[in-house]
Structure formats: structure tokens, C-alpha cells
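For reference, the chains in residue letters:
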Amino acid sequence: MKLKGAEIVWECLVREGVEVVFGYPGGANMPIYDAMLNYPVHHVLVRHEQGGAHMADGYARASGKVGVAMATSGPGATNLVTGICTAMMDSVPVVFITGQVAAHLIGGDAFQETDVTGITLPITKHNYLVTRADEIAETLREAFYIARSGRPGPVLVDICKNAQVETCEFVYPEDVRLPGYQPVTRSPRNLLDDAVKLIEKAKKPIILCGHGVIMSNAEEELMQFAVKTQTPVASTLLGLGAFPASHELSLGMMGMHGEAHTNLAIQNSDLILAFGMRFDDRVTGTLKTYAPKAKKIHIEIDPSEVHKNVFVDVPLVGDVKTVVSDLIPLVDEYDHDEWKQEINGWKNEADSRSIMNWEEDGKLYVAHLIADIWKATGGGAIVTTDVGQHQMWTAQYYQLDKPNRWITSGGAGTMGFGLPSAIGAWFAAKDQEIWAVAGDGGFQMTAAELTTAVQEGANVKVAIMNNSFLGMVRQWQEFFFEKRYSAVNMLAPDFVKLAEAHGVPAKRVTKREEVNEAIEWARSIKGPAVLEFRVEMEDAVYPMVPAGAALHEMIRRPVKA
Amino acid sequence: MNYTFIALVENKPGVLNRVASLFRRRNFNIESLAVGRTENPEVSRMTVVVDCPNGDMDAHRIEANLYKLVNVIDVQDVTHQPVVTRDLALIKVRVGPERRAEVNGLTEIFRARIVDVAPDSVIVEITGTEDKIEGMIELLCPIGIVEMVRTGQISMTRGVHDGVRRMPGMESRRYEDVMEMAEMMP
């Protein structure tokens, strides 16, 4: 069957099971957009390509499938860059398809020509420049395979305009042949035995659960392992939801803004079992004093993560699901009661400082608002965030029992991620309640996507935590720069009017007693709604491990007089 | 200390850029990088010499990161293996007829060759290990080096020896296996 290159693009997407594409047309991808009309794939016209990239990312995280975003050449493609980097840092499978000028024009600085494969080389798992129609099918087949397999990640396919309009025989490749790409899934028995020996000796073991557990659908195996060995489970920011927060073995989040008792448990542990996490600086604090008494077992699919930040005693390279299933029958049952009691002691002390136990003083604290949204939604919503204080409070207080509902930019820390990723998530889970929590700063970065939400009828609720500051930067200036506030006072537009101008119903909340009613009002609306909360201006996220400090050296919330 | 890696990569446009970009991004220090074809037209071979201040830990990181590149088919560390290593240099020396005999003498001692003679210069071609070439350069310097070019180090393990492969699942691989795999490429 002879087809145009542009048609082959859609033939491939349909065969990959793609239902929705987030994109923006332009000169260099017009043939693809022309061919699109004949294929059963829904296209979402975004307002900025960055929004499209985050939507595809949010879709991928909520669905577990590969997201797809499209843009034209030049500025269209460069606008994707922040979104590609975000997906890369968090290992999210997204295929980006960009238009490129005709092959014979490449290198001549043609109109809207940019070296997109060059620009995205370090922020993609792999990328391709396609110059001929007969390369398209094989390339897209490989792109989807690479994006979702091994350690997932973004793959960019840059397709020259001539390749889109030329015709060729369409053959969809049966399988991919990539001699240089063979992810390892299983660890050898001798290493598993080494791990078991460490587990047998451990008196104070702790599991560090990362995003890899969710990416490999290993929640069930994690639960079995943790319960059988009675090992407490701490989570990275992106691992939240992999292990139920309400479970007695759950310690919640670790790291810079992790729970105090969790960080203390890590520092005092004698065995760390790292499941699909990469010892990021935000979870370790300074490496010099990180978990000094602990032996370390690292289950990780990407061999380049092994020994990267922390030297480990037993590296188990492979898929978390497979490796943990292989481990479970080899380990004995334990109770570790003393260890759990020790941790509980720290927990009780931490609870006494928690803002959740403060009496109402009429002020709006973000932590309380997140807990209110959590209660109203039964803890079951998909929650996306921007980056900063509100993100950390949401991580701390929107306690998740299920995976794939927590969508946040962890590694890259991308502001403006919340709203578009929520819209993307809606396409993956239209029957679920979806909340985007944003700060006043981040929301303004991608607020134009409100119109996209209206055009698509996306049922997402936006909670803007407006403290009239770039809150996290302000907090750092307060703690580490002698409260010299520099470029953090932010004038915001009237968010209610802004939302209404986009056709989105909105309410402003300034008083404690208005909160629950406003949340219920937003939930009752079909389609998008915006709530602006005027929150306490100079509240800080606690506990906090200062950058470069040891994990147990936390700044704690002052005890209220 | 310097480590030597042999990488077999797909012979496709942009692969050298991917490797070079990786070394820059991960902050590895390349001492020498030589690329060329192999007996298989689909496969290029790179010899990369990298400064590894943390020894085997750095070598592990380099191997692991190279494998993250989809176009990299195989990586071996030949640092501690029996290996033949060569570098080739062309050195243009400013020399008139009166001192030509001196250069000729040095050339014979180093088993180098004079490959071009002009009225006031000669080009010396020398192959050998880096040490040998450095030695020759040192002696030619006082006479007057006008221009010099070097290929960078290339290495091949002796006999049936193969380099060390640290990555899981790759440990028992042989060069022949890799080339056979490469034959199956589309």
C-alpha cells in the first residue's frame, strides 16, 4: 500500500494505540495535520507548545501509556524543550513529533529551521532526524518502543517536510532491531543471594520507594515484600502513591521536605533497600553523612544510576517488579518490632510539631487547605502541582493510597506544570476527579491553557495558593539570605477575572469559613473551575534540610506558643 | 589514571556527536578519541582514552552511560588487558640540507619514516605508542617543528583476549558475538 509520509505517521500512531495527541500546527508539519483529518486520533490544540508537552506528560503518568505531543519546526519545537526536559528528568514516556524543513534545506538557516535533534540530544532518551518517507514507520516503531521500555523517557522524532509529502510503500515493522538497546530486567541469583544475606542480618531495615516502583507497576510486589519482612517504607517525591500512605508501615516522604521521623529512620537504619530510586540530592542531603550505618541494596533498571551518587553494597540491576518478585520467596519473615517502636517515638515527637495539630486561628495555611481538599475528595483525586512550597505541602498532606494519581515535576522542578499536566491527565482518566494545585507564580506561566481546558471540556479544578510571593524562593531568602527579599514580591492579576475571561467559573477565598463551601462549589461544576486562596504570606515548609546539610539536620516548625 | 575503552557503535550520522556530547555533559575528560570503520560497514569503532581519577568507579560510570546511547552496541575496557596500542603522527620539521642527516638519524632510531622532503622542511611519519611519539617530538623540538598532526590512540587486544565488560548481562560477551549481532541490524 503506497502512502504519503504524513499518512504513515498516523498509521503508526493508530497502531501504537494512540488516542489523543497534544499539539500545535505550523509550516513544517502541515502535511501531518492535513492527513490527521482522516484518522481516529483526537487532537488537542494547545495554547503554547510547552503546555502540549506537559499535557502529554500528564497523560502518560496518569494512564501508564506513551503520551504524544507535536509541534512545528523552529520556535514550535524549541517551545517543547522545557516539557521534554521535564519528562526526561522524571523518566516519563512521551514521543515528541516535530516538523522540520525539507531535507535539502537543512543547514542553510531556512525559515523556521532549528537543529532540534541537536538541541534535544541531552534531554531525550533518544532522538531521530527523518529525511525520507520510507524511514518514518521504522523510526516511529522504535521511538515508541524506546520511550516505554527499560527506564522510560522522552523520544523526539524530527520529520522533514519532504518526508511528509513523499509517498512510499507502507510496511509496519513487526518488531524492532536495536542491537545497542537491550534493557536488563532480571538480576542473577548470586546477587539476589547477597541481598538476602544483608536482609537476614538487618535489624533496622528501611525501603526507599521511588518512581521506578510505579513505572514498573510493582506496587503489589512492594507491599508483599514490605509486609513479609515488616520493613517500613519511605517514599521519594515521585514514589508517593506506590505504597498506601494509610498503611502502618508507611513513613511518607523522605528528603529535603520529608517527614522528620522518616529522615531520622534513614539516618539510623542499618540496611537501605532502594527500590527504583536514584539517591537524588534532594533525598540524601550531603552524601558525606548519608545513612552512615546502612548497607545498601539498590534495585534499579538503569545501570548508570548504580553507584552514581551513593556507593551500594549489592546492585540489583533490573525491572523492580521482576527483581522484587524474585526476592520475595528468598526472604524470611521478620517482625522488627523494636525498630518500628524506635521510629514511632520520633513520629510522635514530629506530630506534636505538625501544623495539622494547630488550633484554628482564622488564617489560611496551605497545609490545612490541602488537607481540606483531601477530605472533600476522599483522598482519591488525581492531583497535579506546579513547583515550590505548595508542591511540598501537597506532597505532605494529600496522602495517597493509590499510584498514578500524583503528577508533579520532581527532577526538573518545572513551574507551570500543574494546569497542563492536569488537562493531560483528564484525557487518561475522564471519570476521575482532578485537581491542579498551583502557586500564584507558576500558574501565571501556563495560565493560557485554561482556554484549552474550556475548549476540550476538561473537568479539572485549579486551586491557586496565592501568597503574593514566589514562596519557596522567599523561604530560602528568609532562612539563608538574612531575609533580604530579592525579586520575590509578585503582583498577580485578578485570578477570578482572569479565569472568567477564559470562560472558567472562579471564586476567591479569603476566610477560613469559606473554604469547604468553595471546594464543594468547584466540585459541583462540570468542566474546569478555579479557586484562588489568599493564603498566609510568609508561611514556610517544614521540616527543611538545608541544601548541603546532613539529612538529620532539619529546620523544624517552631512549636507554637 | 587514563583508561582505554573500545566502543562499537552504529555507523550512522550523528553518533560521534552523541558520544562527544555525553562526555561533555557527564563531565568526563577525554584524553584521546579516534573513530574509524571496521570490517563491518554498519559498525564504527571508537578508541576512547579517558582520565578516570576514581579508577574503576569512573570506568563503571563511563560504560553505563555509553550504553544509554541507543547507537552504542558494545563497550569494553581494555585498560588492564594485553593490548596493542598505536598512535600515528605526521611532524613537519624545519630543516635544510645541512641538518637533514641528523633528522634522518633520529628517524631511523625511532623506526619512523621521512615521507616528504622539501628544500627547507621534511615530514616525518611515526607510529607507535604515545610514549614513543612523545620521545621523538622531544628530540625534534630543538630542530624546529613547524606543524604536527596526530590520529589519537587506537587499541586492539592481543590474541583471544577481550576487554572487561562491567555491565550486567554483558560480562560474557565476546567481540565476535557483538559483530554477529550487528549483522542483524536493519
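Computed from a prediction, not measured in an experiment: that's the story for all the values here.

**Thoughts on the overall build of chain B**
In terms of helices and strands, chain B carries five helices and nine strands. Secondary structure of chain B in N-to-C order comes out as β-α-β-β-α-β-β-α-β-β-α-β-β-α. Each of the three principal axes of chain B carries a C-alpha extent, and together these read 60 × 35 × 30 Å. Counting only residues that meet the buried cut, chain B has 33% of its 186 residues in that class.

**Remarks on the overall build of chain A**
Regarding its fold elements, chain A presents 22 helices and 20 strands. For 561 residues, the compact-globule estimate of 2.2 N^0.38 gives 24 Å, and the C-alpha radius of gyration of chain A, at 24 Å, lies within 12% of that figure. Projected onto the principal axes, the alpha-carbon positions of chain A cover approximately 70 × 60 × 40 Å. Split into buried and exposed, the 561 residues of chain A put 55% on the buried side. For chain A, the proportion of contacts with a sequence separation of at least 24, taken over those separated by at least 6, is 77%.

**Notes on the nonpolar core**
Among the nonpolar cores identified, the biggest contains 201 residues, and A:Val9, A:Val95, A:Leu208, A:Cys209 and A:Phe275 are the most heavily contacted of them. If we skip the residues at most four places from it in the chain, A:Cys209 touches A:Leu222, A:Val233, A:Ala234, A:Ser235, A:Thr236, A:Gly239, A:Ala242, A:Phe243, A:Phe275 and A:Met277. Counting residues in each nonpolar core, the second largest holds twelve residues, with B:Val93, B:Val122, B:Ile126 and B:Ile133 among its members.

**Brief notes about the domain arrangement of chain A**
Residues and elements named next belong to chain A. Domains assigned within chain A are domain 1 (2-169), domain 2 (189-348) and domain 3 (366-534). Domain 1 and domain 3 are separated by 29 Å when their C-alpha centres are compared. With 24 residues of domain 1 in contact, the opposing surface of domain 3 contributes 26 residues. Elements that contribute at least two residues to the side of domain 1 that touches domain 3 include exactly strand 2 (20-23), helix 3 (49-63) and helix 4 (75-89).

**A word on the environment of A:Lys197**
Here A:Lys197 lies in helix 8 (residues 189-201). Residues A:Lys197 and A:Ala376, spaced 179 residues apart in sequence, show a C-alpha to C-alpha distance of 46 Å.

**Quick word on the sheet that holds strand 16 (residues 406-407) of chain A**
Residues and elements named next belong to chain A. The strand order 16-15-17-18-20-19 describes an open sheet built from six strands, whose pairing is parallel. Strands at the two margins of the open sheet, each flanked by one partner only, are strand 16 and strand 19 (506-509). Together, strand 15 (382-385), strand 16, strand 17 (434-439) and strand 18 (460-466) form the strand contacts of helix 17 (residues 418-428), whose direction differs from that of strand 17 by roughly 170°. Running at roughly 165° to strand 19, helix 22 (residues 515-524) makes contact with strand 18, strand 19 and strand 20 (529-534) of the sheet.

**With respect to helix 2 (residues 56-68) of chain B**
All names here are of chain B. Between its terminal C-alpha atoms helix 2 stretches 18 Å, which fits the 18 Å expected from 13 residues at 1.5 Å a residue. Burial of helix 2 is extensive: ten of the 13 residues sit out of reach of the surface. Taken together, the buried positions of helix 2 are Ala59, His60, Arg61, Ile62, Glu63, Ala64, Asn65, Leu66, Tyr67 and Lys68. Lining the buried residues of helix 2 we find strand 1 (2-10), helix 1 (15-25), strand 3 (43-51) and strand 4 (72-77).

**Details of helix 10 (residues 219-229) of chain A**
In an α-helix, one turn spans 3.6 residues, which is why side chains three or four residues apart end up on the same side. All names here are of chain A. Every buried residue of helix 10 is accounted for by Glu219, Glu221, Leu222, Phe225, Ala226 and Thr229. Each buried residue of helix 10 lies within a common arc of 160° when the element is viewed along its axis, so the set occupies one face. Downstream of helix 10 by a residue or two, Gln230 has a phi angle that is positive, lying close to 50°.

**Considerations on the interface of chain B and chain A**
Note: interface size is frequently given as the accessible area lost on complex formation between the parts. Taken residue by residue, the interface counts 23 residues in chain B and 16 residues in chain A. Elements with a minimum of two residues in the side of chain B that touches chain A: helix 1, helix 2, strand 4 and helix 5 (175-183) of chain B. Ranked by the residues each element gives to the side of chain B that touches chain A, the list is headed by helix 2 of chain B, at seven residues. Class assignment for the residues of the side of chain B that touches chain A results in 13 nonpolar, five polar and five charged.

**So, the sheet that holds strand 1 of chain B**
All names here are of chain B. One open sheet accounts for four strands, arranged 2-3-1-4; its pairing is antiparallel. Lying at the two open borders of the sheet, with one neighbouring strand each, are strand 2 (29-37) and strand 4. Mean inter-strand twist for the sheet, computed between neighbouring axes without regard to direction, equals 20°. In the sheet, strand 1 pairs with strand 3 via nine bridges, with the strands oriented antiparallel. Looking at the pairing, Glu10 lines up with Val43 of strand 3. Against the sheet, helix 2 makes contact with strand 1, strand 3 and strand 4, and its axis sits at roughly 165° relative to strand 4, the strand it touches most. Strands in contact with helix 5 are strand 1, strand 3 and strand 4; relative to strand 4, the strand with the most contacts, it is inclined by about 170°.

**A look at the packing of helix 3 of chain A against helix 4 of chain A**
All names here are of chain A. In the contact formed by helix 3 and helix 4, the axes pass within 7 Å of each other and the chain directions differ by 35°. Judged by the sense of rotation from one axis to the other, the crossing of helix 3 with helix 4 is right-handed. Touching Glu49, Gln50, Ala53, His54 and Asp57 of helix 3 are Gly76, Asn79, Leu80, Thr82, Gly83, Ile84, Thr86 and Ala87, all from helix 4. Of the residues belonging to the contact of helix 3 with helix 4, the class tally is four nonpolar, seven polar and two charged.

**As for unusual backbone geometry**
Cis geometry marks the peptide bond from A:Tyr542 to A:Pro543, where omega comes out at -10°. When you line up the elements, A:Pro543 lands in the segment after strand 20. Positioned with a positive phi, A:Asn217 is a non-glycine residue whose angle comes to about 55°. By the element assignment, A:Asn217 lies in the loop between helix 9 (211-215) and helix 10. Taking the number of C-beta atoms within 10 Å as the measure of exposure, A:Asn217 has 15 and is therefore partly exposed. The phi torsion at B:Asn27 lies on the positive side, around 65°, for a residue other than glycine. Tracing the sequence through the fold places B:Asn27 in the loop between helix 1 and strand 2.

**What about the pairing of strand 2 of chain B?**
Put simply, side chains in a regular strand alternate between the two faces of the sheet. All names here are of chain B. Where strand 2 meets strand 3, eight bridges bridge the pair, whose relative direction is antiparallel. Bridged to Arg37 within strand 3 is Ser44. The loop that links strand 2 with its antiparallel partner strand 3 comprises five residues.

**Some points on the domain arrangement of chain B**
What the domain assignment lists for chain B is domain 1 (2-81 + 158-183) and domain 2 (83-150). Distance between the C-alpha centres of domain 1 of chain B and domain 2 of chain B: 31 Å.

**What about the environment of A:Lys526?**
Residues and elements named next belong to chain A. Mapping Lys526 onto the fold places it in the loop between helix 22 and strand 20. Of the residues examined, Lys526 has 7 C-beta atoms within 10 Å and is grouped as exposed. Along the chain, Lys526 and Val317 lie 209 residues apart, while their C-alpha atoms are 46 Å from each other.

Calculation notes
Residues numbered from 1 in each chain as written. Chains lettered and ligands numbered in written order. Predicted model: local features only at pLDDT ≥ 70, side-chain atom pairs only at ≥ 80, totals over all residues. Helix = DSSP H or I, 4+ residues; strand = E, 2+ residues; numbered from the N terminus. Buried ≥ 20, exposed ≤ 12 C-beta atoms within 10 Å, placed from the backbone. Rg over C-alpha atoms; globule rule 2.2 N^0.38 Å. Contact = placed C-beta atoms within 7 Å. Core = buried A, V, L, I, M, F, W, Y, C linked by C-beta atoms within 7 Å. Domains from an automatic or database assignment. Pairing = 2+ DSSP bridges. Axes fitted to C-alpha atoms, helices over the stretch in contact; angles between N-to-C directions. Expected span 1.5 Å × (residues − 1). Arc of directions from axis to C-beta. Nonpolar A, V, L, I, M, F, W, Y, C, P; charged D, E, K, R; others polar. Left-handed = near helix turned anticlockwise from the far one by under 90°.

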